[in-house]
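Examination of the molecular architecture
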Amino acid sequence: QVQLVESGGGSVQDGGSLRLSCAASGRTISSSTVAWFRQAPGNEREFVGNIRWSGVSTYYADSVKGRFTISRDDAKNTVYLQMNSLKPEDTAVYYCAMRKAYAGAGAPYDDWGQGTQVTVST
């Protein structure tokens, strides 16, 4: 059974930073693609970025590129989302999700965490 637990959310001011964690169990992140998504009230869920098993391979949405960084700690089986220069429009519930690393681009993510709230005030 795969379980993903996000943590690290909170409230920060415009320009602040947060680091979110996604602790995985039941599947190793080293053999997985782990993605971050976010969803703001009234909006569709949007892709933030992901990290893949084939070395240091990350991809980010244009909206967060240059501000957010995804990293991993294999020993802790945890993926992180470092968020810098946060903006009010980054306010959302952030979710991590996982799929097998060999899944093709666009394949659905199999497992999802419960989400953690990030609020950025003006």
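Presented here is an overview of the structure given in this document. Residue numbering note: each chain is counted from 1, following its sequence as written. In view of the model being predicted, local features appear only for residues whose pLDDT reaches at least 70, and side-chain atom pairs are presented and counted only at 80 or more, with totals across whole chains, interfaces and linings using the full set of residues. By convention in this description, side-chain values take in all heavy atoms of the structure and omit both hydrogens and water.

**Focus on the side chain of D90**
Secondary structure elements are defined from DSSP: runs of H or I of at least 4 residues count as helices, runs of E of at least 2 residues count as strands, and each element is numbered from the N terminus. Inspection of the secondary structure puts D90 in the loop between β8 (78–83) and β9 (92–100). Whether a residue is buried, partly exposed or exposed follows from its accessible area with a 1.4 Å probe, protein chains only, as a fraction of its type maximum: under 20%, in between, or over 50%, in that order. Of the residues examined, D90 reaches a relative accessible area of 1% and is grouped as buried. Each polar contact in these results corresponds to two N or O atoms within 3.5 Å; when the atoms are within protein, one needs to be able to donate a hydrogen and the other to accept it, and residues that are neighboring in sequence are counted only if both atoms are side-chain atoms. Among the polar contacts made by the side chain of D90, one reaches the side chain of R67 at a distance of 2.7 Å. At 2.8 Å, the side chain of D90 forms a polar contact with the backbone nitrogen of K87. What D90 contacts, discounting residues up to four positions off in sequence, is R38, R67, F68, S85, V118 and V120. The contact criterion used is simple: two residues touch if any of their non-hydrogen atoms lie within 4.5 Å.

**Comments concerning the packing of aromatic side chains**
Ring geometry is summarised as follows: Phe, Tyr and Trp rings, the Trp one being its six-membered ring, pair when their centres sit within 6.5 Å, and such pairs are stacked at plane angles under 30 degrees, edge-to-face over 60 and tilted between the two. Summed over the entire model, instances satisfying the criterion amount to five aromatic pairs. Pairing F37 with W112 gives two aromatic rings, centres 4.9 Å apart and planes at 45°, and the pair type is tilted. Here F37, found in strand β4 (residues 32–39), pairs with W112, found in strand β10 (residues 111–112); they are 75 residues apart in sequence, far enough to count as distant. Classification of W112 as partly exposed rests on a relative accessible area of 30%. Considering the side-chain rings of Y109 and W112, the 6.4 Å spacing of their centres and the 75° angle between planes classify their relative orientation as edge-to-face. Three or more aromatic residues joined by ring pairs make a cluster, and in this case those are F37, F47, Y59, Y109 and W112. Placement of a charge over a ring requires the Lys NZ or Arg CZ to be within 6 Å of the ring centre, with the centre-to-atom vector within 35 degrees of the ring normal. Above the face of the F37 ring, R45 is positioned so that its terminal group lies 5.5 Å from the ring centre. Over the ring of Y109 we find R99; its NZ or CZ atom is 4.4 Å from the centre of that ring.

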